[in-house]
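Next come the chains, spelled out residue by residue.
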Amino acid sequence: MRQPDDRSLGMDRAISRRDFLDGARVALTGSLAYRWLEPAAWAEQSASPVPYPPALTGMRGTHDGAWEVAHQVRDGKIWDDGASVDTGETYDLVVVGGGISGLAAAYFFRKSAGPAARILVLDNHDDFGGHAKRNEFSSAGRLLIGYGGTQAIEQRQNWSPVARGLRDELGIDTEKFFTAVDQTLYARHGMGQGVFFDRETWGQDRLVRGGRGNPAEGPVPPDGWWRDFARQAPFSESARKDFVRLHEDRTDYLSGLSVEEKRRKLRSISYKDYLLQYARVDPQVAAYFQQRTHSGWAIGIDAAPASAAGRTWPGLQGLGLPAPEPAVPADPYIFHFPDGNASIARLIVRALIPAVSATGQGMEEIVTARLDYRRLDDPQSPVRVRLSSTVVRVRHDGEPDRAAHTIVTYVTGGKVFRVKASRTVLACYHSIIPKLCPELPARQREALMFGVKAPLVYTNVLLRNWRAFEKLGVSHVYTPSGYYALMFLDFPVTLGTYRPSQSPEEPILLHMVRVPCAPGRPRRDQHRAGRAELLQTSFEVFERRTRDVLARALGPGGFDPRTDIQGITVNRWPHGYADFGDPLTDPDWPEPERPWIIARQRFGRIAIANSDAAHEAETHAAIDEGHRAVQELLALPS
Ligand SMILES: Cc1cc2nc3c(=O)[nH]c(=O)nc-3n(C[C@H](O)[C@H](O)[C@H](O)COP(=O)(O)OP(=O)(O)OC[C@H]3O[C@@H](n4cnc5c(N)ncnc54)[C@H](O)[C@@H]3O)c2cc1C
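Residues numbered from 1 in each chain as written. Predicted model: local features only at pLDDT ≥ 70, side-chain atom pairs only at ≥ 80, totals over all residues. Heavy atoms only, no water.

Peer 1: How would you explain helix 22 (residues 539-554) if you had to name every residue and give the values?
Peer 2: Here helix 22 is 16 residues long and its end C-alpha atoms lie 22 Å apart, about the 22 Å a rise of 1.5 Å per residue gives. Burial runs high along helix 22: twelve of the 16 residues are buried. Looking only at helix 22, the buried set comprises Phe539, Phe542, Glu543, Arg544, Thr546, Arg547, Asp548, Val549, Leu550, Arg552, Ala553 and Leu554. (Helix = DSSP H or I, 4+ residues; strand = E, 2+ residues; numbered from the N terminus. Expected span 1.5 Å × (residues − 1). Buried < 20%, exposed > 50% of the residue type's maximum accessible area, 1.4 Å probe, protein only.)

Structural data, given as structure tokens:
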């Protein structure tokens with residue numbers, strides 16, 4: 001439905017351009033639902049016959065075409081062998097899922113089995129990397145690289161020797177980020193954090209400088225910022241007083257409990273309940289924090305435990321909890337390639353299939369290397385990556401304990417194929433595995449279905465410049481109640497020949513985070529509801545919401561969505577973060593009873609990886625699980 005303000009938002013312009021490009025693109029490949037680029041960039045890419053998924057814009061992440069077959073599997077469709085074509089291929093290893101876990105599994109297997117080992121990686125997306133997704137844009141001939149998912153190398157000090165070893169072998173020296181990332185660029189322009197209050201919730205649209213999230217959200221304002229902030233925020237008098245009290249008061253809101261009891265209590269109640277029932281703040285203060293946990297926890301404060309607030313959020317400072325002794329000094333949040341951890345995925349693929357790029361070795365060259373996607377599935381190469389291929393069935397060729405092979409059936413381009421493998425790693429989402437392998441023991445199938453991945457959206461917006469941000473003094477904006485919880489200007493990373501935007505006159509990428517939730521329900525129910533919402537939301541709705549919030553938040557700084565927005569890519573992740581637990585409802589299982597441990601047991605020649613197997617939404621965990629799965633298979637006789 002067209003909204004009255006579509007013209008002022010620039011929807012009319014984009015739609016006419018989009019329609020034209022859609023038609024052109026569909027004629028070219030016959031496979032893409034939506035595409036939108038500046039005409040110059042479009043012309044350049046259309047002239048290229050080589051498919052290059054990172055440069056596609058519009059709806060990315062789990063794009064249309066990637067999920068439909070998997071949903072047929074979910075809904076019980078059976079693909080029997082009689083209906084599939086035998087490709088005649090036999091592999092030493094087939095990996096289902098080309099995310100970092102699956103790619104790492106391929107890497108570790110080849111390292112042990114030798115360079116002649118024949119490996120096939122199958123993934124349902126048109127690009128490899130899973131959540132580690134690269135988004136490219138072009139503005140006036142200049143390349144801008146963004147990340148559509150996995151943002152950064154987190155907890156680099158805590159990576160296992162295995163994961164750290166892979167990082168080293170790929171040539172990633174995290175120390176280099178200290179010089180690569182310009183940590184003071186925005187501060188030098190007088191910019192910091194801000195909060196956008198929307199009129200639907202707060203009675204008026206108002207952008208207020210200040211506010212504090214986590215270090216990933218930009219420069220931290222000095223202590224005491226909350227007084228000035230509370231004066232300017234559209235709070236009621238009572239909320240204003242409580243907001244300041246929450247930051248300054250040293251009352252022990254859990255007095256009478258021991259330190260251990262307090263810790264347990266904070267894990268068992270939501271931050272929202274803590275604020276309302278223990279700190280007894282005005283409900284507007286809780287509403288202010290509602291979306292603060294969206295980025296890290298993929299849920300609002302109604303379902304995130306109070307312990308998530310840690311030491312950096314207000315209200316816990318009077319509890320007398322001892323500060324944890326850091327084993328190593330805390331790092332700044334800087335371990336970020338321009339395309340996030342897609343660079344890790346690209347480095348692994350480059351190591352497995354060197355023909356994809358003559359350059360691209362090491363952490364600097366990989367940033368701008370344009371990989372040749374035609375070489376991913378090259379019959380000459382012992383390692384092959386086959387994209388747009390959804391695996392629908394994995395079974396043993398005989399009894400699981402005695403079979404020499406598995407048969408892996410997949411659908412690509414509407415056709416069904418099958419290959420043979422000596423060993424198979426399922427590095428895909430756990431929830432689909434019981435449908436791929438109904439022979440698994442019932443207890444394991446049930447455990448595989450336990451976790452619910454969190455849905456998220458990472459939207460990248462190509463902006464002509466960042467003058468409005470500079471004028472308003474913000475580089476990072478939190479919205480307590482808006483469609484997007486967060487938006488921030490790109491990390492300024494100079495690596496290899498890549499140069500980030502350095503002046504407000506230059507084009508830049510704006511990163512926006514949305515987490516669809518259904519506040520008030522248990523965490524996993526909210527994820528299910530959010531996922532359903534995501535798949536029903538068209539690109540047009542995302543585009544309108546994106547333009548609307550930018551116009552309202554930045555309009556006072558001169559931002560005009562009709563001319564300042566040059567491109568939009570929405571990375572939709574209905575199956576985003578791996579389930580890492582719901583402390584409010586989950587029991588404290590003994591280790592062998594933990595669902596993810598029961599879920600990941602080897603079954604004959606099939607081993608199970610993915611970050612789901614670690615119960616952790618972290619890159620290093622995905623790598624560790626790929627490694628464990630491969631070790632389990634290598635122990636089997638050939
Ligand atoms: C938006 C977002 C941001 C994140 N940011 C960070 C971060 O900053 N740092 C960090 O460490 N971690 C981050 N993570 C967590 C991230 O999930 C892990 O770091 C890691 O990349 C997960 O890798 P994976 O291989 O386990 O899973 P995935 O990346 O999900 O890969 C699994 C692949 O298997 C495919 N697949 C599923 N079923 C089938 C099938 N039947 N046939 C074929 N293919 C199939 C999937 O489509 C997918 O491509 C983020 C996650 C998300 C969603």
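Peer 1: Mind laying out the sheet that holds strand 13 (residues 474-478), listing which residues take part and the relevant values?
Peer 2: Here eight strands make up an open sheet; going across it, the order is 1-16-12-15-14-13-6-7 and the pairing mixed. Two strands lie at the open edges of the sheet, namely strand 1 (58-61) and strand 7 (206-209), each paired on one side alone. Taking each pair of neighbouring strands and ignoring which way they run, the sheet shows an average axis angle of 25°. Note that strand 6 (residues 192-197) and strand 7 share four bridges and pair antiparallel. Within strand 7, the position partnered with glycine 194 by the bridge is arginine 209. With respect to the sheet, helix 21 (residues 523-536) is in contact with strand 12 (456-463), strand 15 (508-514) and strand 16 (565-573), its orientation differing from that of strand 16 by roughly 135°. (Pairing = 2+ DSSP bridges. Axes fitted to C-alpha atoms, helices over the stretch in contact; angles between N-to-C directions. Contact = heavy atoms within 4.5 Å.)

Peer 1: Account for the pairing of strand 2 (residues 85-96), naming residues and giving values.
Peer 2: For strand 2 and strand 11 (residues 415-426), the ladder comprises eight bridges, and the chain directions are parallel. When the bridges of strand 11 are listed, tyrosine 91 appears paired with alanine 421. Both strand 2 and strand 3 (residues 119-122) contribute to a ladder of four bridges, which runs parallel. Note on strand 3: the bridge partner recorded for valine 95 is valine 121. In terms of handedness, the path from strand 2 via helix 5 (residues 100-113) over to strand 3 forms a crossover that is right-handed. (Right-handed = clockwise from strand over helix to strand, strands pointing away.)

Peer 1: Run through the environment of arginine 418, naming residues and quoting values.
Peer 2: With respect to the helices, strands and loops of the structure, arginine 418 is situated in strand 11. Expressed as a C-alpha distance, the spacing of arginine 418 and glycine 65, which sit 353 residues apart in the sequence, is 20 Å. Residues in contact with arginine 418, not counting those within four places in the same chain, are Asp81, Ser84, Val85, Asp86, Thr87, Ile407, Val408 and Thr409. Within the structure, arginine 418 has its side chain in polar contact with the backbone oxygen of serine 84 (distance 2.8 Å). (Polar contact = N/O pair within 3.5 Å; in protein donor to acceptor, adjacent residues only side chain to side chain.)

Peer 1: Got a sec to walk through the nonpolar core? Specific residues and values, please.
Peer 2: Grouped together as the largest cluster of nonpolar side chains are 110 residues, with contacts concentrated most on Phe128, Phe229, Phe243, Tyr271, Tyr274, Tyr288 and Val425. Top element by residues in this core is helix 5. It accounts for eight residues. Residues Val408, Phe417, Leu426 and Leu440 belong to the second largest nonpolar core, which totals 33 residues. (Core = buried A, V, L, I, M, F, W, Y, C linked by side-chain atoms within 4.5 Å.)

Peer 1: A description of the site of the ligand should follow, citing residues and the corresponding values.
Peer 2: Every one of the 34 residues lining the ligand counts as a neighbour, but Asp123, Asn124, His131, Ser611 and Thr619 are closest to it. Between the ligand and the protein, one listed contact pairs an oxygen atom with a side-chain N or O atom of threonine 150 at 3.4 Å. With respect to the ligand, the backbone of glutamine 151 contributes an N or O atom lying 2.9 Å from an oxygen atom. Contact with the protein chains covers 98% of the free accessible surface of the ligand, which is 990 Å². Mapped by element, the contributors of at least two residues to the shell around the ligand are helix 5, strand 9 (389-396) and helix 25 (619-634). When residues in the shell around the ligand are grouped by element, the largest group, three residues, is from strand 9. When its residues are assigned to classes, the shell around the ligand shows 14 nonpolar, 17 polar and three charged. (Near = heavy atom within 4 Å. Areas by Shrake-Rupley, 256 points an atom, 1.4 Å probe, with all protein chains shown as cover. Nonpolar A, V, L, I, M, F, W, Y, C, P; charged D, E, K, R; others polar.)

Peer 1: Hey, could you go over the environment of arginine 134 for me, with residue numbers and the actual values?
Peer 2: Mapped onto the elements, arginine 134 comes out in strand 4 (residues 134-139). On a C-alpha basis, the gap between arginine 134 and alanine 342 in space is 5.7 Å, while along the polypeptide they are 208 residues apart. The residues touching arginine 134, leaving out its near neighbours within four places in the chain, are Tyr52, Pro54, Ile145, Gly146, Asp339, Ala342, Arg346, Ile366, Val367, Thr368 and Ala369. Among the polar contacts listed, one links the side chain of arginine 134 to the side chain of glutamate 136, at a separation of 2.9 Å. Within the structure, the side chain of arginine 134 is placed 2.8 Å from the backbone oxygen of valine 367, a separation counted as a polar contact.

Peer 1: Now, about the pattern of salt bridges: what can you tell me, with residues and values included?
Peer 2: In total, this model carries 42 salt bridges according to the counting rule given. The partner of arginine 134 in a salt bridge is aspartate 339, and the shortest N-O contact between them spans 2.9 Å. Of the two residues, arginine 134 is situated in strand 4 and aspartate 339 in the loop between helix 15 (294-297) and helix 16 (342-352); the sequence distance between them amounts to 205 residues. Of the charged contacts, one joins aspartate 339 and arginine 346 as a salt bridge, the two residues approaching to 3.6 Å between their closest N and O atoms. In terms of burial, aspartate 339 and arginine 346 fall into one category: buried. Connected through salt bridges with shared partners, the residues Arg199, Glu200, Asp205, Asp548 and Arg552 form a single ionic network. (Salt bridge = Lys/Arg side-chain N within 4 Å of Asp/Glu carboxyl O.)

Peer 1: Which residues make up the packing of aromatic side chains, and what values do they have?
Peer 2: This model, assessed by the stated rule, comprises 39 aromatic pairs. Centre to centre, the rings of phenylalanine 177 and phenylalanine 335 are 6.0 Å apart; their planes meet at 90°, and the pair counts as edge-to-face. With phenylalanine 177 in helix 7 (residues 177-180) and phenylalanine 335 in the loop between helix 15 and helix 16, the pair connects residues that are 158 residues apart, well separated along the chain. The same class applies to phenylalanine 177 as to phenylalanine 335, namely buried. Where phenylalanine 229 meets tyrosine 288, the ring centres are 5.7 Å apart and the plane angle is 65°; that geometry is what we call edge-to-face. Linking phenylalanine 229 in helix 10 (residues 225-232) with tyrosine 288 in helix 14 (residues 283-289), this pair joins segments that are 59 residues apart in sequence. With relative accessibility at 0%, the residue tyrosine 288 sits in the buried group. Put simply, the rings of Phe197, Trp202, Trp225, Trp226, Phe229, Phe235, Phe243, Tyr271, Tyr288, Phe289, Trp313 and Tyr478 pair up and form one aromatic cluster. (Phe/Tyr/Trp six-rings, centres within 6.5 Å; stacked < 30°, edge-to-face > 60°.)

Peer 1: I'd like to hear about the pairing of strand 12, residue by residue, with values.
Peer 2: Extensive coverage of strand 12 is indicated by the burial of eight of its eight residues. Residues of strand 12 alternate between two faces, with Leu456, Tyr458, Asn460 and Leu462 on one and Val457, Thr459, Val461 and Leu463 on the opposite face, all of them buried. Bridging between strand 12 and strand 16 involves eight bridges; their strand directions are antiparallel. Bridged to asparagine 460 within strand 16 is threonine 569. Of the strand pairs in this sheet, strand 12 and strand 15 are connected by seven bridges, and their pairing is antiparallel. Within the sheet, the bridge partner assigned to asparagine 460 lies in strand 15 and is histidine 511.

Peer 1: How would you summarise helix 13 (residues 271-278) if you had to cite specific residues and measurements?
Peer 2: Taken residue by residue, helix 13 has Tyr271, Tyr274 and Leu275 as its buried positions. The buried residues of helix 13 occupy one face: seen down the axis, they fall within an arc of 95°. Buried residues along helix 13 sit against helix 11 (237-248), helix 12 (259-268) and helix 14. Of the residues one or two after helix 13, arginine 280 is the one with positive phi, at around 50°. (Arc of directions from axis to C-beta.)

Remember that the coordinates give geometry; whether it matters functionally is a separate question.
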